[in-house]
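The lines below spell out each chain.
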Amino acid sequence: MIVSDWEFPPYEFSNDNGEPDGYNVEVLNLILDRLHIPHRFMMQEWYIATETFERREADLIFALSFNYMKRPYVMTRNLLHFYRIAAVRRTEEKPLTNMSLLGKEDTVIMKANDYAPIRILMTNPEPPFTIEYHSPKEALTGVQRGVYDYFLWGEIPIQRKLKEFGLDSLKTDLTDIPPGELRLIGYDKELIDAIDDEYARLEQAGQLEKIYDKWFHPEREHNDTSPIPLFIIGGAIIVGLIAVLLSRLIRIRVQKAIDKSKDIN
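Owing to the predicted nature of the structure, the values given are computational and were not obtained by experimental measurement. Starting afresh in each chain, residues are numbered from 1 along the sequence in its written order. Only residues with pLDDT of at least 70 are given local features in this predicted model, and only at 80 or more are side-chain atom pairs given and counted; all residues enter the totals for whole chains, interfaces and linings. No hydrogens and no water enter the side-chain calculation; it runs on all heavy atoms of the structure.

A few words now on the side chain of arginine 183. Here arginine 183 shows up in strand β14 (residues 180–186). At a separation of 2.7 Å, a polar atom in the side chain of arginine 183 contacts the main-chain carbonyl oxygen of arginine 77. Leave out the neighbours within four places in its chain, and arginine 183 touches Ile61, Phe62, Ala63, Ser65, Met75, Thr76, Arg77, Asn78, Leu79 and Leu80. Only DSSP runs of H or I with at least four residues qualify as helices, and only runs of E with at least two residues qualify as strands; both kinds are numbered from the N terminus onward. Under this definition, polar contacts are N or O atom pairs within 3.5 Å; protein pairs additionally need one hydrogen-donor-capable and one acceptor-capable atom, and for neighbouring residues in sequence, both atoms have to be side-chain atoms. Here a residue-residue contact requires only that any non-hydrogen atoms of the pair lie within 4.5 Å.

Right under this line is the structure:
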C-alpha cells in the first residue's frame, strides 16, 4: 500500500478520472511491477496521508527525508528530487525571498503538514508572523483576490497549479528555506533495498530519463524508434554499392579479354 498526496503535481496527484498519476506513481508502478510486488495507491489529502503512513496503515510514502531520518523509518538511497519552496504573490507585493522580511502584520498561507511549515516551526517554534493552512486552490485564488499576501509551497507544484487555474498575473519567488530531499520512505528495509536496486538498473538503462522528461520537460523529444531497421537499410545500401562496383569491374575485365582476343586473332 502506497499512500500519496492527491494534489501534488507533477509528482503525484489524482487525475481527471480520479486515478493515481504523476512521476512518482509511474516510476514506482514500473519498479514494483518488475519486482512482481502487488500494490495499489491510496490518494489522500497530504496531512491525512502522512497520518495514515505514521499509523502504519500504509507501507510506503513519498516524502521529505528530513522528517523520517530515524527508526522505524527507512528510506531509499536514491534521491528522487530536490524540493524548493517558493512564495506566490501579487505583482504589487514585495518579493518574499527571505523569511526574515515578515513581521507581526503578515499572514502567510501554507499547506498543512507540508515541508515549509514543518521546517519553519522546527527552526522557530514561535515565528513573528501568522501561519494559516489552506488548500492550494483556496490559497492561490485568495492571493489573487488580495485576501492573502503570500502562499508558500513547492516551486514546481505552484507553477503547475498557476497554469491549471490560469493565474498568470501572480508572481513566484524562491525563498531562503533550504531545499528538501524527496525520497521514498517505508518500514521494510529489504523492500526499500530491492526498490533502490531496481531504480539503479532503470536509471542505467535510460528508462527513468524518459519518464522524468515526460513529467518535468515535456518539450524534450525522445526517439524510441529501434535502430535495427536503420542498420538493415544501411547494410542493404552498402551491399548494393559493392555489387555495382564488382559488376563494373567484371565488365571491364571481360571487355579487356575480348580486346586482347581480337588483337591475337
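It is worth spelling out the layout of surface pockets at this point. The pocket and cavity definitions rest on a 1 Å grid over protein atoms only: a 1.4 Å probe that fits but cannot leave marks a cavity, an open set with protein on both sides within 12 Å along at least five of seven lines marks a pocket, and residues lining either have an atom within 4 Å of a point. Grid points are joined across faces, edges and corners, and a volume is the space filled by probe spheres set on the points. What the largest pocket holds in volume is close to 280 Å³. Along the walls of the largest pocket sit Trp6, Glu7, Pro9, Phe13, Ser14, Asn15, Asp16, Arg160, Lys161, Lys163 and Glu164, which together make up its complete lining. Among the elements of the structure, β3 (12–14) and α5 (155–165) are those that each provide at least two residues to the lining of the largest pocket. Looking at the lining of the largest pocket, the element that brings in the most residues is α5, giving four residues. Only Asp, Glu, Lys and Arg are considered charged, only Ala, Val, Leu, Ile, Met, Phe, Trp, Tyr, Cys and Pro nonpolar, and every remaining residue, Gly among them, polar. Looking at the lining of the largest pocket residue by residue, the classes come out as three nonpolar, two polar and six charged.

Take the packing of helix α1 (residues 23–34) against helix α6 (residues 189–204) next. To get an axis, fit a line to the C-alpha atoms, keeping to the stretch in contact for a helix; angles then go from 0 to 180 degrees between the N-to-C directions. Between α1 and α6, whose axes approach to 10 Å, the crossing angle comes to 105°. Between α1 and α6, the angle falls in the class roughly perpendicular. Two secondary-structure elements touch here, α1 through Tyr23, Val27, Leu28, Leu30, Ile31, Leu32 and Arg34 and α6 through Ile195, Glu198, Tyr199 and Leu202. Partitioning the contact of α1 with α6 into residue classes produces nine nonpolar, no polar and two charged. Angle categories are assigned with fixed cut-offs, so that under 35 degrees is roughly parallel, over 145 is roughly antiparallel, 65 to 115 is roughly perpendicular, and the rest are oblique.

These figures capture arrangement, not role.
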